[in-house]
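# Examining the three-dimensional arrangement
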Amino acid sequence: MTPEEFREHGKRVVDWIADYLASIESRPVRSQAKPGDVRAALPEHPPEEGEPFDAVLADLDRAILPGLTHWQHPSFFAYFPANASGPAVLGDLLSSGLGVQGMVWATSPACTELESLVVDWFAELLGLPAHFRTDSRGGGVIQDTASSASLVAMLAALRRAGGQGQRRTVYVSSQTHSSLEKAGRIAGLADGDVRAVDVDEHTLELDPGQLDRLIAEDLAAGAVPAMVCATVGTTSTTAIDPVRRIGEVCRARGVWLHVDAAYAGVSAVCPELRWINDGVAEYADSYVTNPHKWLLTNFDCSVLWLADRAPMIEALSILPEYLRNSASSSGEVIDYRDWQIPLGRRFRALKLWSVLRYYGARGLREHVRGGIALAGEFAELVAADSRFELREHHPFGLVCFRPLWPGLSTVDANAATLALLERLNDSGELYLSHTKVGEHVLLRMAIGAPTTEARHVRAAWTAIQEHLDFA
Ligand SMILES: *Cc1c(COP(=O)(O)O)cnc(C)c1O
């Protein structure tokens, strides 16, 4: 494809995306495809001769769109949002167009230096401590996902803890994201050595007292406690672990504190939410949050910061001859290959840079506050209907609630709630997900798409009430 042909097709692709976004509301939110439908609509074998690019676009409309769940739909309320935005998509397109491979500074200095700048900007926007900046002992890096970021943090923590050949332990809670358990497996820990600390039955916060007792027990048994993961905004209900008190335990025991704020961390762009960073400056050895959830930056873009980058680089740096270069040897540059699992890396900073510049701090705050306000409005609607129980929610975009189903046992009530959820999602009008807290299945209404307005939230509530009436 020549540059001139690219120009022509590229314009059509941008038009296609704009049309898609403009008409997204008319589509069912959740794909109604059955297993195998998409594949059956496509040729079994690859083409021998090249096809015109338009044929790809035609198949996109015909075969792919019906098999999509529309994550950018204003009535998508499942999981957490995966915001995309114009500036992010365009930044990503620029990154693709440049086709740069930023594994070390020397392979494209701007790729590394823009990334360092953007993660420093972002730390400032979130009110994170100065020692997370790349011009200090610590530094930030853009990863594909929080899962990778937590794995990198764990490898650094294990490095710092030492004790190779001994039993090494990591501490999480029942509410911690599953990626931590997975990271433990990848890092070679035995299954039982990712230890689950109790949580408060009501708040679901990790219990720092029990954490300390478990660590003491493990130390007495000859284990090497390496890392504790505290979560700010758990995936299930956005519970917030007491980071400061957990940090005090970590400090006293010499254990690495990783803070997983994948979803909620970005909300600290709003000064009134900075309290969610309490304890981070004093105690966190690493911290991760995902612009690719709530902050208008399409997947993938997760930012990991470290208070001290040395243990990570010791854990991950291997220097083969073919990557030796004078810039790296000078020690004056960052080589981000040592801050992640793969060698190769995309120029992701371009999209985060586009987003931060296009919206500015003020635009980002407005976006986050808008989602929080709509969640508050939804919670009031639920609270006003005695057929539902509302779970007290944190000031983010997630509201958890359940129908009460008078007269049904807990098991039957849970089944009825799940059946209601299926009916709602089958309707195509909205998309919700669920979780389980204690014995109860709860519905999760996660608000935060840039196109979601009060009318979408009210329509969702009406649909929920109507489907309950028919139950
Ligand atoms: C979503 C989420 C993750 C996983 O994020 P990925 O970027 O998809 O790996 C981890 N932790 C928490 C608390 C999350 O909500």
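Residues numbered from 1 in each chain as written. Predicted model: local features only at pLDDT ≥ 70, side-chain atom pairs only at ≥ 80, totals over all residues. Heavy atoms only, no water.

An unreviewed UniProt entry lists the protein under the name Aminotransferase class V-fold PLP-dependent enzyme, with Prauserella cavernicola as the source organism. Heading Cofactor (unreviewed entry) of the UniProt record for the protein holds this comment: "pyridoxal 5'-phosphate". Quoted straight from UniProt, the Sequence similarities (unreviewed entry) entry for the protein says "Belongs to the group II decarboxylase family." (UniProt positions renumbered as here; feature names shortened; annotations may be inferred.)

So, about the overall build of the protein. Counting its secondary structure elements, the protein contains 16 helices and eleven strands. Compactness check: the protein gives a C-alpha radius of gyration of 24 Å against a globular reference of 23 Å for 471 residues, within 12% of the reference. Once the C-alpha set of the protein is aligned to its principal axes, its extents read approximately 65 × 60 × 45 Å. The buried share among the 471 residues of the protein stands at 51%. Look at the contacts in the protein between residues 6 or more apart in sequence, and 74% of them connect residues 24 or more apart. Positive and negative charge centroids in the protein, built from 43 and 60 side chains respectively, lie 3 Å apart. (Helix = DSSP H or I, 4+ residues; strand = E, 2+ residues; numbered from the N terminus. Rg over C-alpha atoms; globule rule 2.2 N^0.38 Å. Buried < 20%, exposed > 50% of the residue type's maximum accessible area, 1.4 Å probe, protein only. Contact = heavy atoms within 4.5 Å. Lys, Arg positive; Asp, Glu negative; His and termini not counted. Charge placed at Lys NZ, Arg CZ, Asp CG, Glu CD.)

So, on to a nonpolar patch on the surface. A surface patch of nonpolar side chains, about 410 Å² in accessible area, is lined by M1, F6, F53 and V56. Along the polypeptide, M1 turns up in the segment before α1 (3-23). (Patch = residues over 30% accessible without salt bridge, like charges linked within 9 Å, V, L, I, M, F, W, Y side chains within 5 Å. Areas by Shrake-Rupley, 256 points an atom, 1.4 Å probe, with all protein chains shown as cover. Salt bridge = Lys/Arg side-chain N within 4 Å of Asp/Glu carboxyl O.)

Before going further, it helps to spend a moment on the UniProt feature "modified residue: N6-(pyridoxal phosphate)lysine" (unreviewed entry) in the protein. Mapped onto this numbering, the UniProt entry annotates "modified residue: N6-(pyridoxal phosphate)lysine" (unreviewed entry) at K293. Locating K293 in the fold gives a position in helix α11 (residues 291-294).

What follows is about the sheet that holds strand β4 (residues 224-231). Read from one edge to the other, the open sheet built from seven strands follows the order β1-β7-β6-β5-β4-β2-β3, with strand pairing classed as mixed. Single-partner strands in this sheet number two, and they are β1 (139-143) and β3 (194-197). Averaged over all adjacent pairs, the angle separating strand axes in this sheet is 20°, with direction ignored. Direction of pairing for strand β2 (residues 168-173) relative to β4: parallel, over a ladder of four bridges. Of the residues in β4, the one forming a bridge with R168 is V224. The strands that helix α9 (residues 243-253) touches are β4 and β5 (256-260); relative to β5, the one it contacts most, it runs at about 160°. (Pairing = 2+ DSSP bridges. Axes fitted to C-alpha atoms, helices over the stretch in contact; angles between N-to-C directions.)

Under the defined criterion, the tally for this structure stands at 19 aromatic pairs. Ring plane angle 40° and centroid distance 6.5 Å describe the contact between F132 and Y287, whose orientation is recorded as tilted. Taken together, the positions of F132 in the loop between α5 (109-126) and β1 and Y287 in strand β6 (residues 286-289) put the pair 155 residues apart, joining distant regions of the chain. Across the pair, exposure class does not vary: F132 and Y287 are buried alike. (Phe/Tyr/Trp six-rings, centres within 6.5 Å; stacked < 30°, edge-to-face > 60°.)

Residue D300 follows F299 across a cis peptide bond; omega there is 5°. Relative to the helices and strands, D300 resides in the loop between α11 and β7 (302-306). Its identity as a non-glycine residue notwithstanding, L296 has a phi of 65°, on the positive side. For L296, the position within the fold is in the loop between α11 and β7. Take L296: its relative accessible area is 1%, and that puts it in the buried class.

As a further point, take the site of the ligand. Close contacts around the ligand come from 13 residues, with A146, S147, D260, N290 and K293 the closest. A distance of 3.1 Å separates an oxygen atom of the ligand from a polar atom in the side chain of H292. Within the side chain of K293, a nitrogen or oxygen atom sits 2.9 Å from an oxygen atom of the ligand. When residues of the shell around the ligand are traced back to their parent elements, those giving at least two are α6 (146-161) and α11. (Near = heavy atom within 4 Å. Polar contact = N/O pair within 3.5 Å; in protein donor to acceptor, adjacent residues only side chain to side chain.)

For the protein, the assigned domains are domain 1 (3-68), domain 2 (100-346) and domain 3 (361-470). One C-alpha centre belongs to domain 2, the other to domain 3; they are set 31 Å apart. Contacts between domain 2 and domain 3 engage 23 residues on the former and 21 residues on the latter. Of the roughly 1,900 Å² buried at the junction of domain 2 and domain 3 (both faces included), carbon and sulfur atoms supply 69%. Linking domain 2 to domain 3 there are one salt bridge. Among the ionic pairs, R369 bridges to E272, the shortest N-O distance being 2.6 Å. Broken down by class, the residue content of the side of domain 2 that touches domain 3 amounts to 15 nonpolar, seven polar and one charged. (Domains from an automatic or database assignment. Buried area = accessible area lost by both parts, 1.4 Å probe. Nonpolar A, V, L, I, M, F, W, Y, C, P; charged D, E, K, R; others polar.)

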